[in-house]
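Each chain, letter by letter, is given below.
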Amino acid sequence: MPERSGPGFRRRVGPPSRRARVALLTLGVLAVLFLLFVMFAGFWTDWLWFRSVHYSSVFTTQLWTKIGLFAVFGLLMAVIVGFNIWLAHRLRPPLSAMSVEQQSLDRYRAGLAPFKRWALIGVSLVIGLVAGAAASGQWRTWLMWTNATSFGEKDAQFGMDVSFYAFDLPFYEFVLGFAFSAVIVSLLTSALVHYLYGGLRLQGPGRRASAGAQGHLAVLLGVFVLLKAVAYWLDRYALAVKTGSYKGVSGWTGLRYVDANAFLPAKTILFFVAIICAVLFFLTPIRRTWAPALIGLGLMVLSAVLIGGLYPAIVQQFQVKPNEQAKETPYIQKNIDATRQAYGIADAQTTPYSPQGSTNADALKPDAQTIADIRLLDPNIVSPTFQSLEQQRNYYAFPSTLDVDRYGTGTGKQDTVIGLRELDLNGVQRNWINDHFKYTHGYGAVVAKGNQVDDRGQPVFTESGLPATGALGDYEQRVYYGEKTTTYSIVGGSNKEIDYTDPKTGQNAEYTYSGDSGVSLSNPITRAAYAVRFAEPQILYAGAITDGAKVIYNRTPKERVEKVAPWLSIDADPYPVVQDGRVVWVLDGYTTSDGFPFSSKTTLGAATKDSLTNQRGELLAVANQVNYIRNSVKATVDAYTGEVKLYQWDEKDPVLKTWMKAFPGTVEPKADIPQSLLPHLRYPQDMFKVQRDLLGQYHVTDANSFFNGSDIWQVPVDPTSDTKQVQPPYYVTVRMPDTNAASFSLTSTFVPNQRPNLAAFMAVNADPGDDYGKIRILKMTGESGAPGPGLVQSKFNSRQEVASQITLLKSGGDSELEYGNLLTLPVGNGLLNVEPVYVRGRGAKYPTLQKVLAVYGDDNVAFENTLEDALKKVFSGAAPATTPTVPSTAGNGTTPTPTPTGPATPAPGGTISPELQKALTDAGKAYNDSQTAFKNGDWVAYGNAQKALGDALKAAEAARGAGPAPAPTATPTGAASASGSPSPHP
């Protein structure tokens, strides 16, 4: 039949057909199942990942803690609110007064009547779910409270252990906040129910509240005021960790005079006032009147204004301000002591230093090793050089900032710049197979000497090529886990991955991953879960995924450590180490707290920001304010297997001990750190930057001087960068004036507030050992006039002869200059500033080192082709006067080091061992080399010879201890002791 239509026709509209209902229901069920599977996929893949890295206990501890908190506090909130709603309904008046208001409410009561029970359950559950979700986020607070470890230190005001503020007080405040929430929600819902059922009336004659409603709400208000009394009591202790701004410190923490003498007694008085007020509310149901309770509440509010607000203001105005220094000094001292203790700077050693404008040979001799190890290769500039010379394949790349480490032993040990050849998918044709199956890993480490370049200004590589060969020996070179590896890969099974192109055959060398890392994809449910996680349906059906295939992800070292140790803040600069035939990433983990009483707070992100932040990355939890930090954990990530190891580094840190109780078995003892790894560990940069930020003000240990604020330091702006950010710290080998030998250190400088001259030089020993972490500060004396980094750069740029050379280097604008790290070093009783200058020609892919700037004192400026030439110029006139010395192996001083001219003659009845003879011969050669270099002013060669001489003397001492002592008869040539008498033989 033709379809009927027309203006008089109306289509009959009825319920959907059975088929439509079934289709809609099916779609709804499928949508719900899909949402549930998405939630399951996230949970399931997380569990599989934690199990694959053998940290499943971290996952389960977090999970059960969150579930427990959610269940307990959610149920508690639901019961409290539900009970009060039920009680309000139970206390409803039997009859409602006749009024327009009640007639309107009758309709709502009638509509709600059939669903009262379900409404009660539904409202209670919804509120309980919200409260439970909020409580589950407090899992860290709960674990720290239940596993709290004593600090063994008491605060200066209340005599409470620091653990009370770090672990207990945050939990008490959380519970108090929860209780306030429960009472407020109960009060609001109860008032609503009382109003709905006539217990509260806004209109009509008679009482506005029934007896039941009055009593119920009065008790809830009484509980609220009682909780306020508890809050007043806890506020007394919270004053010790209260943060404000004072004397230019934005994160000033702790009590001041007005806190201790006005706020503290005010909080105590208000505590008792609140208890009395709560009792009056509890008596309201008995007395049947609101008057006493409301009067009490008004008095409490008035007391809070007068005692808690006005009185402290009066004390501040009339007692503190007229004599502020005397009043505040004791509290400033508490802040100074606590801050220095909490940030690990209490033992920082400050020494006055008056740098000389010129030097001589005698003054330079103890600093020979410092001079020899001056790092010319800037790891922040030479990454493009590594990329161009050692990339080898388009699908490999180096990080934008390379790392500084130490390799070798004895005389061969030196600062080196190292980078891993990591995977870069931007260099391949992008498709799913290439991205996730074929190109899966990087290959090899590239290492260059830190203190040398070749005649073309390029790095001197000690490990290079593809596959890499050189000083590092044999090791597993494949890098499956690295800083640039951010995507997942599917490896194993029969999958053939590309290693590199074989230079002999021109064919791609292929490899199948055999490590134990990753999650197996043999289970269809697991494959479906990962298809959802990575939003890639091909994982479900791709034929490239064969038996034995595994998926590896979360591949950056920082990401892996953050997941297995969510209670750590991770340093922004992981660095690779080649040891025991493996490449491992080393990361520094920090434990922090914001509950150290009287210690000023700092924001980690702001304190660690410098001119290289965008290149290095940012510290985890950059927005967190802390007032306690320890480098408590050294972590490693194997670049091939992804294995994560956490080692206890600070064995005294109570925060780490607390987390080790919460997550037992996750952190291994310090003694388990591999001995081959130990020499590569170093003092972390972010920890150092936080400490130097605090030392800008807290180098002052006297409260009166701190109050005057006349000696504030700041980190200088990096003069070699256009970012206008502060200068980063630098790893260098340097000898501080109070030590006998140079050591691998992390250094920085300070300038006075708003002034360009140098205020101080700071160094921390970065080599593991007895002196590790020792902070030494050379404070410039008032008359020194030493230039800061900005002035040094200006001094350099203002020289006419230098400016003309710069113009020549730029070749009329065709080339670009890049200034390397400006190193400041205490040398020869003065300060030596060295800066490598790189030139990048037009169209060049990388810069080469062309010049070296050296500045010593006020007038000694050199801009030469090599470091040796620059040092000769700034040290002009320095000539050898006495025999060079090396650090003594037995004492704290130095011992003369003569050179035998011939073989030693054994004493009667004794023989000289070949080992001793070789050591003496080596010592003689090293001495002659050092003398030659000394006369020529070649301080780099001199420093190397001195190190060789020291090693030879140690070898001779060891060989002599193993056999009969020789009686050498050879006469040293020209060797004399410091006193002028002939020097003894080694």
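Residues numbered from 1 in each chain as written. Predicted model: local features only at pLDDT ≥ 70, side-chain atom pairs only at ≥ 80, totals over all residues. Heavy atoms only, no water.

Caption draft 1: Highlighting the overall build of the protein. Within the protein one finds 27 helices and 36 strands. Taken over 986 residues, the protein has a buried fraction of 52%. Counting only contacts in the protein whose residues sit at least 6 apart along the sequence, the fraction spanning at least 24 positions is 69%. Within the structure as shown, the protein displays about 43,400 Å² of accessible surface, and the carbon and sulfur contribution to it stands at 57%. (Helix = DSSP H or I, 4+ residues; strand = E, 2+ residues; numbered from the N terminus. Buried < 20%, exposed > 50% of the residue type's maximum accessible area, 1.4 Å probe, protein only. Contact = heavy atoms within 4.5 Å. Areas by Shrake-Rupley, 256 points an atom, 1.4 Å probe, with all protein chains shown as cover.)

Caption draft 2: Here's a closer look at the sheet that holds strand β17 (residues 549-552). In spatial order, the strands read β13-β17-β16; together these 3 strands make up an open sheet with antiparallel pairing. Every interior strand has two partners, whereas the edge strands, β13 (489-492) and β16 (519-520), have only one. Across 4 bridges, the pairing between β13 and β17 is antiparallel. Residue pairing for β17: Gly492 is matched across the bridge by Ala549. (Pairing = 2+ DSSP bridges.)

Caption draft 3: Fine view of the pairing of strand β1 (residues 243-246). As paired strands, β1 and strand β2 (residues 249-253) are joined by 3 bridges and run antiparallel to one another. Of the residues in β2, the one forming a bridge with Gly244 is Trp252. What sits between β1 and β2 in their antiparallel hairpin is a turn of 2 residues, with Lys247 showing a positive phi close to 55°.

Caption draft 4: Representation of the confidence of the model for the protein in the model. Taken as a whole, the protein shows an average pLDDT of 84; of its residues, 86% reach a score of 70 or greater. Mean pLDDT per element in the protein: strand β35 (residues 885-887) is the minimum at 35, and strand β24 (residues 644-648) is the maximum at 97. The model gives residues 879-910 a pLDDT under 50, and that stretch makes 89 contacts with residues more than four places away or in other chains. (pLDDT = per-residue confidence, 0-100.)

Caption draft 5: Local environment of the side chain of Lys689. Secondary-structure assignment places Lys689 in helix α21 (residues 685-698). Note on Lys689: relative accessible area 0%, which makes it buried. One polar contact links Lys689 to Asp610, side chain to side chain, over a distance of 2.8 Å. (Polar contact = N/O pair within 3.5 Å; in protein donor to acceptor, adjacent residues only side chain to side chain.)

Caption draft 6: Structural context of the packing of aromatic side chains. In the structure shown here, the tally under the stated rule is 51 aromatic pairs. Here the aromatic rings of Trp145 and Phe171 are separated by 4.0 Å at their centres, their planes lie at 15°, and the arrangement is stacked. In this pair, Trp145 is assigned in helix α5 (residues 139-146) and Phe171 in helix α6 (residues 162-196), connecting sequence segments 26 residues apart. Taken together, the aromatic side chains of Phe73, Trp142, Trp145, Phe158, Phe164, Tyr165, Phe171, Tyr172, Phe174, Phe178 and Tyr237 make up a single cluster linked through ring pairs. Of note, Arg236 hangs over the ring of Tyr237, and the distance from its end group to the ring centre comes to 5.4 Å. (Phe/Tyr/Trp six-rings, centres within 6.5 Å; stacked < 30°, edge-to-face > 60°. Lys NZ or Arg CZ within 6 Å of the ring centre and 35° of its normal.)

Caption draft 7: The environment of Leu364, seen in detail. Here Leu364 lies in helix α11 (residues 361-364). Taking relative accessible area as the criterion, Leu364 reaches 0% and is therefore assigned buried. Taking the C-alpha atoms as reference, Leu364 lies 9.6 Å from Gly830; in sequence the two are 466 residues apart.

Caption draft 8: Highlighting unusual backbone geometry. For the bond from Leu466 to Pro467, the omega torsion is -5°, close enough to zero to count as cis. Structurally, Pro467 can be placed in the loop between β10 (459-464) and β11 (469-470). Positive phi outside glycine occurs at His54, with the angle close to 65°. Relative to the assigned elements, His54 resides in the loop between α1 (18-52) and α2 (56-90). Phi at Gln754 takes a positive value of approximately 65°, unusual for a residue other than glycine. Of note, Gln754 is situated in the loop between β27 (743-752) and β28 (760-765). Residue class for Gln754 comes out exposed when judged on its relative accessible area of 67%.

Caption draft 9: Structural detail: the environment of Asp424. Position of Asp424 among the secondary structure elements: in the loop between β7 (422-423) and α14 (432-438). Among the residues examined, Asp424 registers a relative accessible area of 18% and is labelled buried. Linking Asp424 and Tyr395, residues 29 residues apart in sequence, is a C-alpha distance of 4.8 Å.

Caption draft 10: Here's a closer look at the pattern of salt bridges. Scanning all chains against the criterion turns up 25 salt bridges. With its nearest N and O atoms 3.1 Å apart, the salt bridge here joins Asp738 to Arg776. Of this pair, Asp738 sits in the loop between β26 (730-734) and β27 while Arg776 is found in strand β29 (residues 775-780), placing the two residues 38 residues apart along the sequence. Here Arg776 falls in the buried class, since its relative accessible area comes to 11%. Linking Lys873 and Glu864 is a salt bridge whose minimum nitrogen-to-oxygen distance equals 3.7 Å. Taking the relative accessible area as the measure of exposure, Lys873 reaches 40% and is therefore partly exposed. Relative accessible area serves as the criterion here: at 23%, Glu864 is assigned to the partly exposed category. By sharing partners, the salt bridges in this structure join Asp405, Arg406 and Asp767 into a single network. (Salt bridge = Lys/Arg side-chain N within 4 Å of Asp/Glu carboxyl O.)

Caption draft 11: Looking closely at α6. Over its 35 residues, α6 extends 50 Å from the first C-alpha to the last, a length consistent with the 51 Å expected when each residue adds 1.5 Å. For α6, the principal kink sits at Asp168 and spans about 40°; a proline, Pro170, occurs within the next four residues. Phi turns positive one or two residues past the end of α6, at Gly198, with a value near 90°. (Expected span 1.5 Å × (residues − 1). Bend = angle between axes of the 7 residues up to and from the residue.)

Caption draft 12: Representation of the sheet that holds strand β6 (residues 414-420). Ordered by their spatial adjacency, 5 strands build an open sheet running β5-β6-β9-β10-β11, and the pairing between neighbours is antiparallel. The open sheet has two edge strands, β5 (403-407) and β11, and neither has a second partner. With 5 bridges connecting them, β5 and β6 associate as antiparallel partners. Its bridge partner being in β6, Val404 is matched across the sheet by Val417. Across the sheet, helix α13 (residues 383-390) lies against β6, β9 (445-453) and β10, angled at about 55° from β10, the strand it touches most. (Axes fitted to C-alpha atoms, helices over the stretch in contact; angles between N-to-C directions.)

Caption draft 13: Looking closely at the pairing of β5. The element β5 is largely enclosed, with a buried count of 5 among its 5 residues. Of the two faces of β5, both are covered, the one formed by Asp403, Asp405 and Tyr407 as well as the one formed by Val404 and Arg406.

Caption draft 14: View of the environment of Pro729. By secondary structure assignment, the location of Pro729 is in the loop between β25 (713-714) and β26. Pro729 gets classed as buried once you look at its relative accessible area, which sits at 4%. Residues Pro729 and Leu612, spaced 117 residues apart in sequence, show a C-alpha to C-alpha distance of 10.0 Å. Excluding anything up to four places from it in sequence, Pro729 contacts Asp610, Gln685, Phe688, Lys689, Arg692, Leu746 and Thr747.

Caption draft 15: Spatial organisation of the packing of α2 against helix α4 (residues 116-136). Across the interface, α2 lies against α4 with an axial gap of 7 Å and an inter-helix angle of 145°. The handedness of the crossing between α2 and α4 comes out as right-handed. Of the residues in α4, those touching α2 at Lys66, Leu69, Phe70, Phe73, Gly74, Met77, Ala78, Val81, Gly82, Ile85, Trp86 and His89 are Lys116, Leu120, Val123, Ser124, Ile127, Gly128, Leu129, Ala131, Gly132, Ala133, Ala135 and Ser136. In the contact of α2 with α4, the residues fall into 15 nonpolar, 7 polar and 2 charged. (Left-handed = near helix turned anticlockwise from the far one by under 90°. Nonpolar A, V, L, I, M, F, W, Y, C, P; charged D, E, K, R; others polar.)

Caption draft 16: Fine view of the side chain of Asp405. For Asp405, the position within the fold is in strand β5. A polar contact of 3.2 Å, which involves the side chain of Asp405, links it to the side chain of Arg406. Discounting chain neighbours no more than four positions away, the residues touching Asp405 are Gln414, Asp415, Thr416, Ile418, Tyr575, Pro576, Val577 and His680.

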